[in-house]
Amino acid sequence: MTAIDPTAHLTAEQIEELGRELDAIRDEVIASRGEQDAAYIRKVISAQRKLELVSRGVLLFSIFPPAWLLGTAGLSVAKIMDNMEIGHNILHGQWDWMRDPKIHSTTWEWDHVSPSEQWKHSHNELHHTYTNVIGKDNDLGYGIMRVDEDQKWHPFHLGQPLWNLINACFFEYGIAAYDLELGKNLHKRRRKNPEFRARAKAVGRKIRKQVLKDYVIHPLLSGPSFLTTLAATFTANLVRNVWTHSVIMCGHFPEGVQVFERRSIKGETRGQWYLRQMMGSANISGSRAMHFMTGNLSHQIEHHLFPDLPSNRYAEVAVKVRALFEKYELEYVTGPLPKQVFSAWHKVFRLSLPNKKPRVKTPDREQELVAAATAASRPGLGGEGV
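The residue count restarts for each chain, going from 1 along the sequence in the order it is written. Local features are withheld for residues below a pLDDT of 70 in this predicted model, meaning they are given only at 70 or higher, and side-chain atom pairs are given and counted only at 80 or more; totals for whole chains, interfaces and linings count all residues. To get the side-chain values, take all heavy atoms of the structure and skip hydrogens and water.

Asker: So, helix α2 (residues 35-59): which residues are in play, and what are the values?
Answerer: Helix and strand assignments come from DSSP, with helices taken as H or I runs of at least 4 residues and strands as E runs of at least 2, each series counted from the N terminus. To estimate how far a helix should reach, multiply one less than its number of residues by 1.5 Å. The first and last C-alpha atoms of α2 sit 36 Å apart over 25 residues, in line with the 36 Å expected at 1.5 Å per residue. Every buried residue of α2 is listed here: Asp 37, Ala 38, Ile 41, Val 44, Ile 45, Gln 48, Glu 52, Ser 55, Arg 56 and Leu 59. For every residue, the accessible area (1.4 Å probe, protein chains only) is compared with the maximum for its type, and the residue is labelled buried under 20%, exposed over 50%, or partly exposed between those bounds.

Right, here's the structure in full:
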């Protein structure tokens, strides 16, 4: 938490008025949803499936280097599309209003080792409710990193750049572990809990299904290209994982993004909740292609404000939201991808070291941050916070 509250100049009345203005933006989009939006998501799903099919077909001949390069690139893009613009947004219920059982948050399953039902609980219900609240939002630092100067430093934190890199490379598995709350459920007593065992078995089944598809069936179909197809699929998953991790880091962790104390959300009003989303998120600037490949999570601020609005509408919403930032004299944290990635990783490295100067903390703040730091010092992989 920064020493100076960037929202201190706002009165309670102004915060509630901000909330009403944001509600009006949301209501306007909901009232205007229609066939053009429905056609968009159907077109994206169709394009993704065709790209994946063609790419896997090309990889049947991956023993030839041009086919390997073309197929791997296409499969990487297809997997990113499936996870970001399609899966993530469908599972948020952004397209439930279409009443299409094939494109609905209750029926969709994605190309991912984390079962959609478990992801929806940890992400939609927990992360988006407690965005950037230390000790409540487990997406904050993925449970393996120190995320605030006021958190007590431990020698374990020296390794957080390495933990974060490993998490990036195997991000989908980190998400599955995070959804299971694996860190706190590794104790023998917790492992025997029937609910945990059922969820762990569901993850195991999903992992087996993904491994069978990507690393057994498709390579076998390639015949003499078995090993090169295996390498291509691994590379595509690696590219997807690193890309997704980078986008999410840029939306939650660059310098300028605020974190919050648990006590700060007691009795939180609608306007205060909106304000926390605004201050606890950051955007990525860029082209339409950039926005599409991020699943429109380059508009992370707008997504945190309105997680159930269709992703293709975030660009128009962003113009109105940014105007409100200016009106209420708040900082709209945004920048190109390289800048945001550098800023997020700089923060990871900076907080891996002890503070240069001691910071003054209230007794309540000290108690809360010690608890959060203790939890973060346990080894384990975290998950996706978009």
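Asker: Go over the packing of helix α3 (residues 65-91) against helix α10 (residues 226-252), please, and point to the residues and values.
Answerer: In a packed pair of helices, the relevant descriptors are the angle between the two axes and the axis-to-axis distance. Angles shown run from 0 to 180 degrees and are taken between the N-to-C directions of axes, each axis being a line fitted to C-alpha atoms and, for helices, limited to the stretch in contact. Between α3 and α10, whose axes approach to 8 Å, the crossing angle comes to 40°. Taken together, α3 and α10 sit at an angle that is classed as oblique. For α3 against α10, the interelement crossing comes out right-handed. Across the interface between the two elements, Trp 68, Thr 72, Leu 75, Ser 76, Lys 79, Ile 80, Asn 83 and Met 84 of α3 pack against Thr 228, Ala 231, Ala 232, Thr 233, Thr 235, Ala 236, Asn 237, Val 239, Arg 240, Trp 243, Thr 244 and Val 247 of α10. Under the scheme applied here, ten amino acids are nonpolar (Ala, Val, Leu, Ile, Met, Phe, Trp, Tyr, Cys and Pro), four are charged (Asp, Glu, Lys and Arg), and all others, including Gly, are polar. Per-class residue counts for the contact of α3 with α10 are 10 nonpolar, 8 polar and 2 charged. Oblique is the label for any angle not under 35 degrees, not over 145, and not in the 65 to 115 range, which are roughly parallel, roughly antiparallel and roughly perpendicular in turn. Left-handed describes a crossing in which the near helix is turned anticlockwise from the far one by less than a right angle; the clockwise case is right-handed. By definition in these notes, contact holds between two residues if any of their heavy atoms fall within 4.5 Å.

Asker: So what about a positive patch on the surface? Which residues, and what values?
Answerer: Exposure above 30% relative accessible area and the absence of a salt bridge qualify a residue for a patch, where like charges join within 9 Å and nonpolar side chains (Val, Leu, Ile, Met, Phe, Trp, Tyr) within 5 Å. Areas reported here follow the Shrake-Rupley algorithm with a probe of radius 1.4 Å; residue values treat only the protein chains shown as occluding. By salt bridge we mean one thing: a side-chain nitrogen of Lys or Arg within 4 Å of a carboxyl oxygen of Asp or Glu. Only four residue types enter the tally: Lys and Arg on the positive side, Asp and Glu on the negative side; His and the chain ends are excluded. Where a charge sits is defined by one atom per residue type, namely NZ (Lys), CZ (Arg), CG (Asp) or CD (Glu). The grouping of Arg 197, Lys 201, Arg 205 and Arg 208 at the surface amounts to a positive patch. Structurally, Arg 197 can be placed in helix α9 (residues 194-221).

Asker: Explain unusual backbone geometry to me, and be specific about the residues and the numbers.
Answerer: Note: most residues except glycine have negative phi, and most peptide bonds are trans. Not every positive phi belongs to a glycine, and Arg 99 is a case in point at roughly 60°. Secondary-structure assignment places Arg 99 in the loop between α3 and α4 (116-127). Looking at Arg 99, the relative accessible area reads 66%, which means it is exposed. Within the chain, Asn 296 stands out as a residue other than glycine whose phi angle is a positive 60°.

Asker: Account for the pattern of salt bridges, with residues named and values stated.
Answerer: One pass over the full model with this rule turns up 22 salt bridges. The partner of Lys 79 in a salt bridge is Asp 111, and the shortest N-O contact between them spans 2.7 Å. Taken together, the residues span a long stretch of sequence, with Lys 79 in helix α3 and Asp 111 in the loop between α3 and α4 at a distance of 32 residues. Of the residues examined, Asp 111 reaches a relative accessible area of 9% and is grouped as buried.

Such coordinate-based values are descriptive only and should not be taken to indicate function.
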